[in-house]
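Summary of structural features
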Amino acid sequence: MLIITQLAIILVAYLLGCIAVGYYLVRWQTGQDLHELGSGATGGRNTGRVLGRSGAVITGIGDVLKGVIAMAIALWSNSELWVLGFVMVAVLAGHVWPVQLKFKGGKGLSAAFGAVLMYDYRIALLTALAAGVFSLTSRRITLSLMLCVVCSPLIAFFLGESWEIIVGLIASAAIIIFAHRDNIKQALKPKTS
């Protein structure tokens, strides 16, 4: 495959990530700018604060589909493994830093989950299962999710994935943790009675 084709697939993944479902849904239904509401993020959680559960669900599904479609294009094109790793990162980067919204987007979990789910459902489901177990035992959802994001490259390693995919997962984990840095600081604060 030509290098220009491979780079085009990565660019398409970034542009798909830039489709800020929550932002446009809130704009369409209320005329408001989601950046000025709640946490300012464009993901499902903040959309849900404005539009309720249905808004959160629609946004979550849309964000997962961005990752699924980006990875499906790469797989359908018989892309090399390094391209698949970059596609994971590119769709996530588009979600977190959408160019048309002045690089202010969501926090990336859904888009990343969709890309990984399309690539290898085992990594996605084992990571989600671990997040559920950690959340139930610790009752600290944000920290549990971040722990599982960090564990996803390890899960891929134990499943025998290539180094290109593992590096893509490590880079994705770093972006997600960076995007959640304020939530992590808040979660680590001691609870006052």
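The preceding data block contains the structure.
First, a word on what this report is: a plain description of the structure on this page.

Attention now moves to the overall build of the protein. Along its length, the protein carries ten helices and zero strands. Ordered by position from the N terminus, the helices and strands of the protein form the series α-α-α-α-α-α-α-α-α-α. Its C-alpha atoms give the protein a radius of gyration of 17 Å, within 12% of the compact-globule value 16 Å for 193 residues. With respect to the principal axes defined by its C-alpha atoms, the protein has extents near 55 × 40 × 25 Å. In the protein, buried positions account for 48% of the 193 residues. For the protein, long-range pairs separated by at least 24 residues make up 65% of all intrachain contacts whose partners lie at least 6 apart in sequence. Considering the protein, the positive charge centre built from 15 side chains and the negative charge centre built from 8 side chains are found 15 Å apart.

Moving on to the nonpolar core. Judged by nonpolar contacts, the single largest core of 26 residues is most densely connected at Met-71, Val-87, Met-88 and Leu-169. Going through the elements one at a time, α1 (3-17), α4 (53-76), α5 (81-96), α6 (109-119), α7 (121-138), α8 (141-158) and α9 (163-179) are the ones with two or more residues in this core. Take this core: its biggest share by element is seven residues, from α5. With residues up to four places along the chain from it excluded, the contact list for Val-87 reads Ile-9, Ile-10, Ala-13, Ala-70, Met-71 and Ala-74. Formed by eleven residues, the second largest nonpolar core is a distinct cluster that contains Val-89, Val-149, Ile-176 and Ile-184.

Criteria and cut-off values
- Residues numbered from 1 in each chain as written.
- Predicted model: local features only at pLDDT ≥ 70, side-chain atom pairs only at ≥ 80, totals over all residues.
- Heavy atoms only, no water.
- Helix = DSSP H or I, 4+ residues; strand = E, 2+ residues; numbered from the N terminus.
- Rg over C-alpha atoms; globule rule 2.2 N^0.38 Å.
- Buried < 20%, exposed > 50% of the residue type's maximum accessible area, 1.4 Å probe, protein only.
- Contact = heavy atoms within 4.5 Å.
- Lys, Arg positive; Asp, Glu negative; His and termini not counted.
- Charge placed at Lys NZ, Arg CZ, Asp CG, Glu CD.
- Core = buried A, V, L, I, M, F, W, Y, C linked by side-chain atoms within 4.5 Å.

No statement about biological role is implied by the geometric values presented.
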